[in-house]
Protein chains: 2
Amino acid sequence: MEFLTGQVKKQTLEISEIITGDYDGKNVRVHGVIHKIRDMGDIVFIVLRKREGLLQTVYEKGNMDAVFSELCEEAAIEVCGIVAKEERAPHGFEVRLREIKVLSKPTETMPIAVNKWKMGASLETRLELRPLSLRHLKERAKFRVQEGIVRGFRDFLHSQDFTEIHSPKIGARGAEGGANLFRLEYFHKHAVLAQSPQFYKQMMVGVYERVFEVAPVFRAEKHNTKRHLNEYISLDFEMGFIESFQDIMEMETGFLQYTMALLERDYKEELTLLGVSLPNTEKIPQVRFDRAKELVAQKYNRSIRNPYDLEPEEEALIGQYFKEEMGADFVFVTHYPSKKRPFYAMDDPEDTAFTLSFDLLYDGLEITTGGQRIHDYGMLAEKIVARGMTEEGMEQYLMTFRHGMPPHGGLGIGLERLTMKLLGEENVRETALFPRDTGRIEP
Amino acid sequence: MEFLTGQVKKQTLEISEIITGDYDGKNVRVHGVIHKIRDMGDIVFIVLRKREGLLQTVYEKGNMDAVFSELCEEAAIEVCGIVAKEERAPHGFEVRLREIKVLSKPTETMPIAVNKWKMGASLETRLELRPLSLRHLKERAKFRVQEGIVRGFRDFLHSQDFTEIHSPKIGARGAEGGANLFRLEYFHKHAVLAQSPQFYKQMMVGVYERVFEVAPVFRAEKHNTKRHLNEYISLDFEMGFIESFQDIMEMETGFLQYTMALLERDYKEELTLLGVSLPNTEKIPQVRFDRAKELVAQKYNRSIRNPYDLEPEEEALIGQYFKEEMGADFVFVTHYPSKKRPFYAMDDPEDTAFTLSFDLLYDGLEITTGGQRIHDYGMLAEKIVARGMTEEGMEQYLMTFRHGMPPHGGLGIGLERLTMKLLGEENVRETALFPRDTGRIEP
């Protein structure tokens, strides 16, 4: 009988192992994909693409010519060779080859320059060829940074005693109303895809006080803009026993600060490769919705057309205002009009036309919506009636409140939008691994 | 202008802060939900349910009677009082109350005994009342353990240089064929919900070598059994440059070992509460599919009806066999018949009727399916033809292989099933927060 006893260390080495180990002058075994072949005559450079970056290997023509004729870019190989210092190589060393083994070979040449600094292809082409274009060092660096943001979110909230939950994505009705729901047949029942985990995370506040979820949400919005996706990853949290919705903004600021420090520590190479400098999160201004509109109207000489709505252009100008006036990358806009918020938003007792809510704008783009929720069943039932809604399909959600809920609130962050702004991208499709928009369900 | 500068420490304390701080005899402020009120005459015990557990507070009748009449179970309150050692109380201390503030109150009494050791309700009732029944200490402990499993999966794979990805859940076609797909309209296109991230994680092996994802998958299976869900959380990983599918089983064994240690360290209280002892993961036997069938047939005196299939009962007996023969909780069953595996599974070159694949059985239940995949485009194209399939809807997946892919493989683990077996539950619905089965899309 054979047994598995856990992880077994492999013979092949990774770049960081060679750097931190004592391998100069020694024989090593490495594998990788051929990123680039540079034939210099007597000498050939074979640059390997590995998960940690590029590794230069060198080969002197002669004894391995038979194998060499087999090599091509994007082939997967395993090699043996001697480590030698070489300042001009990535990481300051190269591997002088003694043995090459081809593990697999492509059958066609690349339709896109994944091994050039500039891929020179339109977004449309890069998305069409996504599984290939992502092999480019800069493309893959973007989604490593995105990984870092998600790690930051989870690790920070875990340190703050939040519990991670997994709420269902198929349900009987949406949390935000019927306008932009994807509908499906579910064993002869009508079902919808979750627009947000809103109802579930609120229900779970009654269980764990503090919960978070990182999961896809689905919005059948017909907007085909640079900032909309029809499926995206939402970073959600909800916390009980808040004193005010200020607590939620404090928590989000804490998350941002924690995450920027994590990116600086663990994703430095990717940030450098992408030429990204991290935003300032030390202090984030907060401004009331109505005040923000006034400030922008005054400074940029605009008239306020609709006092209860923020146009995308106005959002951008609010971002610009706070950047110009106080060098702020982020701004919390608070007290959104009640009619622009869902029924579960807590109205401001001092003026019920507004809510105890906020958006966080990053460089003039909304990346978060959050606020305090109604925790009192009577108040919630009243608001449902006042909005001309029915309790149908919300029975268990409402039951939760009849059986007691602490004051609470939370937020949802669009991961792709946050990544987009952090990386200075212009289109949110750049920061979705396989974006879903009104025209795209492949690859 | 006001600014957010990060997290602000609150006045209210958590249980662990009181335990580790020097609070004996001192005044503290805490909040919580009233779990239980025990009126002893002159003295009343008000047991608070907090995210870290129960906290006993005591109140002497007299000066706060007005407030006391306001209190009821499931009300959220904030209190002030003096910390005093009390051996009979949870955590060895209680808080003697001086001040009580009611934050919110339920409007109805609980339909289910969330504050008794035995809830005394059927699974059906508990699921119907899920947002309430989850408030029970044992119920919420289950999903804390589940959180621990997910943390273990991510943390271990992160330590092994895997990159986390987020693949889309809406797509043009499924990875496992058409039988059990949920279908939806997507802006006048036909779309389906992802049965697995299979195609995407393979494509991403070409980018990062090693990737993982924790996300929902959707299976329109009509099975209404104790081990099937129609939406569940799949723990997926895929790794390149493997030498054989043994590497994948080693990685999974490593994950299990890491996770059991993490649960032992961070979720001890929950495990104790649930009376769970962790399984042995030190060494996990592996056995060929055909050999396992023989062993079970011999020992339990069964005839082998179908040499190419494992019935659920046979799976259970394989689990029983290895438990009895070598005290094993887990067993890897390898070399599944080719006809029982998807087209992308790598056939065993020594006998192409079988594949280089495995299932991991835990206590006789399949919790993982994995194996080596075909990485050669020609071989993949041949197999598609041999199976009578077409390349339609798989263009970009197949393109990936034409442009080079290293040898690779991976697995998918059903989170709810793993949790179920770990906790000794009989029904997978017990370990899904809000389960989706053929009859259930609410709550």
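The coordinates are above.
Residues numbered from 1 in each chain as written. Chains lettered and ligands numbered in written order. Predicted model: local features only at pLDDT ≥ 70, side-chain atom pairs only at ≥ 80, totals over all residues. Heavy atoms only, no water.

Points about the pattern of salt bridges
Logical step 1: A complete count under the given rule lists 102 salt bridges over all chains for this structure.
Logical step 2: Overlapping salt bridges, with partners in common, bring together R126, R130, E139, K142, E425 and E430 of chain A in one network. (Salt bridge = Lys/Arg side-chain N within 4 Å of Asp/Glu carboxyl O.)

Quick word on the pairing of strand β11 (residues 210–218) of chain B
Residues and elements named next belong to chain B.
Logical step 1: The buried count for β11 comes to nine of nine residues, which makes it a mostly enclosed element.
Logical step 2: Across two bridges, strand β7 (residues 163–164) lies against β11 in parallel orientation. Its bridge partner lying in β11, E164 is registered against F212.
Logical step 3: Sheet topology places β11 next to strand β12 (residues 231–240); nine bridges connect them, and they run antiparallel. Residue pairing in the sheet places R210 in a bridge with M239 of β12. (Buried < 20%, exposed > 50% of the residue type's maximum accessible area, 1.4 Å probe, protein only. Helix = DSSP H or I, 4+ residues; strand = E, 2+ residues; numbered from the N terminus. Pairing = 2+ DSSP bridges.)

Let's talk about the interface of chain A and chain B
As a measure of interface size, the accessible area lost when the parts come together is often cited.
Logical step 1: Every contact between the two is made by 125 residues of chain A and, on the other side, 125 residues of chain B.
Logical step 2: For the pair chain A and chain B, the summed buried area comes to about 10,900 Å², and 59% of that belongs to carbon and sulfur atoms.
Logical step 3: Contact with chain B buries surface across chain A, with L4, R51 and H403 of chain A losing the most and accounting together for 8% of the total.
Logical step 4: A salt bridge links E164 of chain B to R154 of chain A; the shortest N-O distance between them is 2.6 Å.
Logical step 5: The tally of links between chain A and chain B comes to 54 residue pairs in polar contact (both at pLDDT 80 or more).
Logical step 6: If you tally residues by element for the side of chain A that touches chain B, the top one is helix α5 (residues 137–159) of chain A, at nine residues.
Logical step 7: By residue class, the composition of the side of chain A that touches chain B is 58 nonpolar, 30 polar and 37 charged.
Logical step 8: Alignment of strand β13 (residues 284–288) of chain A against strand β1 (residues 2–4) of chain B, held across three bridges, turns out to be antiparallel. Bridge pairing in β1 of chain B links I284 of chain A to L4 of chain B. (Contact = heavy atoms within 4.5 Å. Buried area = accessible area lost by both parts, 1.4 Å probe. Polar contact = N/O pair within 3.5 Å; in protein donor to acceptor, adjacent residues only side chain to side chain. Nonpolar A, V, L, I, M, F, W, Y, C, P; charged D, E, K, R; others polar.)

Some details on the side chain of E164 of chain B
Logical step 1: As for its position among the elements, E164 of chain B is in strand β7.
Logical step 2: With sequence-adjacent residues up to four places away left out, E164 of chain B is seen in contact with E147, V150 and R154 of chain A together with R154 and F212 of chain B.

Some points on unusual backbone geometry
Logical step 1: In this structure, P443 of chain A follows E442 of chain A across a cis peptide bond, with omega equal to -15°.
Logical step 2: With respect to the secondary-structure elements, P443 of chain A resides in the segment after α13 (415–422).
Logical step 3: A positive phi angle is found at H188 of chain A, which is not glycine, with a value near 70°.
Logical step 4: Along the chain, the position of H188 of chain A falls in the loop between β9 (183–186) and β10 (189–193).
Logical step 5: The phi torsion at H91 of chain B lies on the positive side, around 65°, for a residue other than glycine.
Logical step 6: For H91 of chain B, the position within the fold is in the loop between β5 (76–85) and β6 (93–104).

Some words on the relation of the copies chain A and chain B
Logical step 1: Least-squares fitting of chain A to chain B yields an RMSD of 0.0 Å, with the superposition described by an axial translation of 0.0 Å and a rotation of 180°. What the rotation and shift describe, once combined, is the action of a two-fold rotation axis. The rotation axis passes nearest to the C-alpha of L184 of chain A in chain A, at a distance of 2.5 Å.
Logical step 2: Most of the interface of chain A is mirrored in chain B, where 100% of its interface residues again form contacts. (Least-squares fit on C-alpha atoms with pLDDT ≥ 70 in both.)

Some thoughts on the side chain of Q396 of chain A
Logical step 1: With respect to the helices, strands and loops of the structure, Q396 of chain A is situated in helix α12 (residues 395–402).
Logical step 2: Each residue touching Q396 of chain A, except ones within four places of it in the same chain, is listed here: M203 of chain A together with E128, P131, E442 and P443 of chain B.

What about the sheet that holds strand β2 (residues 27–39) of chain B?
All names here are of chain B.
Logical step 1: With mixed pairing, five strands are arranged side by side around a closed barrel as β2-β3-β4-β6-β5. The sheet shows a mean angle of 55° between the axes of neighbouring strands, direction not considered.
Logical step 2: Packed on one face of the sheet, helix α5 (residues 137–159) meets β2, β3 (43–50) and β4 (53–60) and runs near 25° to β3. (Axes fitted to C-alpha atoms, helices over the stretch in contact; angles between N-to-C directions.)

Quick word on a nonpolar patch on the surface
Logical step 1: Side chains of M326 of chain A together with M1 and F3 of chain B sit close together on the surface and give an oily, nonpolar patch of about 270 Å² of accessible area.
Logical step 2: Here F3 of chain B lies in strand β1. (Patch = residues over 30% accessible without salt bridge, like charges linked within 9 Å, V, L, I, M, F, W, Y side chains within 5 Å. Areas by Shrake-Rupley, 256 points an atom, 1.4 Å probe, with all protein chains shown as cover.)

What about the nonpolar core?
Logical step 1: Counting 70 residues, the largest nonpolar core has F153, M204, L235, F237, F255 and Y397 of chain B as the members making the most contacts within it.
Logical step 2: No other element matches helix α7 (residues 246–266) of chain B, which puts eight residues into this core.
Logical step 3: Not counting residues up to four positions away in its chain, the partners in contact with M204 of chain B are L134, L433 and F434 of chain A together with I165, E209 and V211 of chain B.
Logical step 4: In terms of nonpolar packing, the next biggest core, distinct from the first, is built from 68 residues, I149, I384, M394 and I413 of chain A among them. (Core = buried A, V, L, I, M, F, W, Y, C linked by side-chain atoms within 4.5 Å.)

Some remarks on the sheet that holds strand β3 (residues 43–50) of chain A
Residue and element names in this part refer to chain A.
Logical step 1: Sheet architecture is closed into a barrel: five strands sit in the order β2-β3-β4-β6-β5, paired in mixed fashion. Going from strand to strand, the sheet's axes swing by 55° on average, the running direction of each strand aside.
Logical step 2: Here three bridges tie strand β4 (residues 53–60) to strand β6 (residues 93–104), and the two strands are oriented parallel to one another. What sits directly across from T57, in β6, is V95.
Logical step 3: Strands β2 (27–39), β3 and β4 of the sheet are contacted by α5, whose axis makes an angle of about 25° with β3.

Concerning a negative patch on the surface
Logical step 1: Taken together, the side chains of E128 and E442 of chain A together with E391, E392 and E395 of chain B present a region of like negative charge at the surface.
Logical step 2: Structurally, E395 of chain B can be placed in helix α12 (residues 395–402).
Logical step 3: Using a relative accessible area of 42% as the deciding quantity, one classes E395 of chain B as partly exposed. (Lys, Arg positive; Asp, Glu negative; His and termini not counted. Charge placed at Lys NZ, Arg CZ, Asp CG, Glu CD.)

Some remarks on the packing of aromatic side chains
The relation between two aromatic rings is expressed through the spacing of the ring centres and the mutual angle of the planes.
Logical step 1: Taken as a whole, this structure holds 40 aromatic pairs over all chains when the rule is applied.
Logical step 2: Centroid distance F343 of chain A to Y397 of chain A: 6.4 Å. Interplanar angle 90°. Geometry classified as edge-to-face. On the criterion of sequence distance, the pair formed by F343 of chain A in the loop between β14 (330–334) and β15 (347–348) and Y397 of chain A in helix α12 is long-range, its members being 54 residues apart. Across the pair, exposure class does not vary: F343 of chain A and Y397 of chain A are buried alike.
Logical step 3: The interplanar angle of 90° and the centroid separation of 5.3 Å between the aromatic rings of F153 of chain B and F255 of chain B together place this pair among those described as edge-to-face. (Phe/Tyr/Trp six-rings, centres within 6.5 Å; stacked < 30°, edge-to-face > 60°.)

Description of the environment of T368 of chain B
Residue and element names in this part refer to chain B.
Logical step 1: By secondary structure assignment, the location of T368 is in strand β18 (residues 365–373).
Logical step 2: For T368, a relative accessible area of 0% puts it in the buried group.
Logical step 3: In this structure, the C-alpha to C-alpha distance between T368 and L418, residues 50 residues apart in sequence, is 8.8 Å.
Logical step 4: Engagement of the side chain of T368 in a polar contact is seen with the side chain of E252, the distance being 2.7 Å.

Some words on the packing of α5 of chain A against α13 of chain A
Residue and element names in this part refer to chain A.
Logical step 1: Between α5 and α13, whose axes approach to 10 Å, the crossing angle comes to 120°. On the basis of the axis angle, α5 is oblique to α13. You can see that α5 and α13 cross each other, and the crossing is right-handed. Only L415, E416, L418, T419 and L422 of α13 make contact with α5, whose side of the interface consists of K142, V145, Q146, I149 and V150.
Logical step 2: In terms of residue class, the contact of α5 with α13 is built from six nonpolar, two polar and two charged. (Parallel < 35°, antiparallel > 145°, perpendicular 65-115°, else oblique. Left-handed = near helix turned anticlockwise from the far one by under 90°.)

Some points on the environment of I19 of chain B
Residues and elements named next belong to chain B.
Logical step 1: With respect to the secondary-structure elements, I19 resides in helix α1 (residues 15–20).
Logical step 2: For I19, a relative accessible area of 47% corresponds to the partly exposed category.
Logical step 3: For the pair I19 and M64, spaced 45 residues apart in the sequence, the C-alpha separation amounts to 27 Å.
Logical step 4: Among all residues touching I19, those that are not within four sequence positions of it are H91 and F93.

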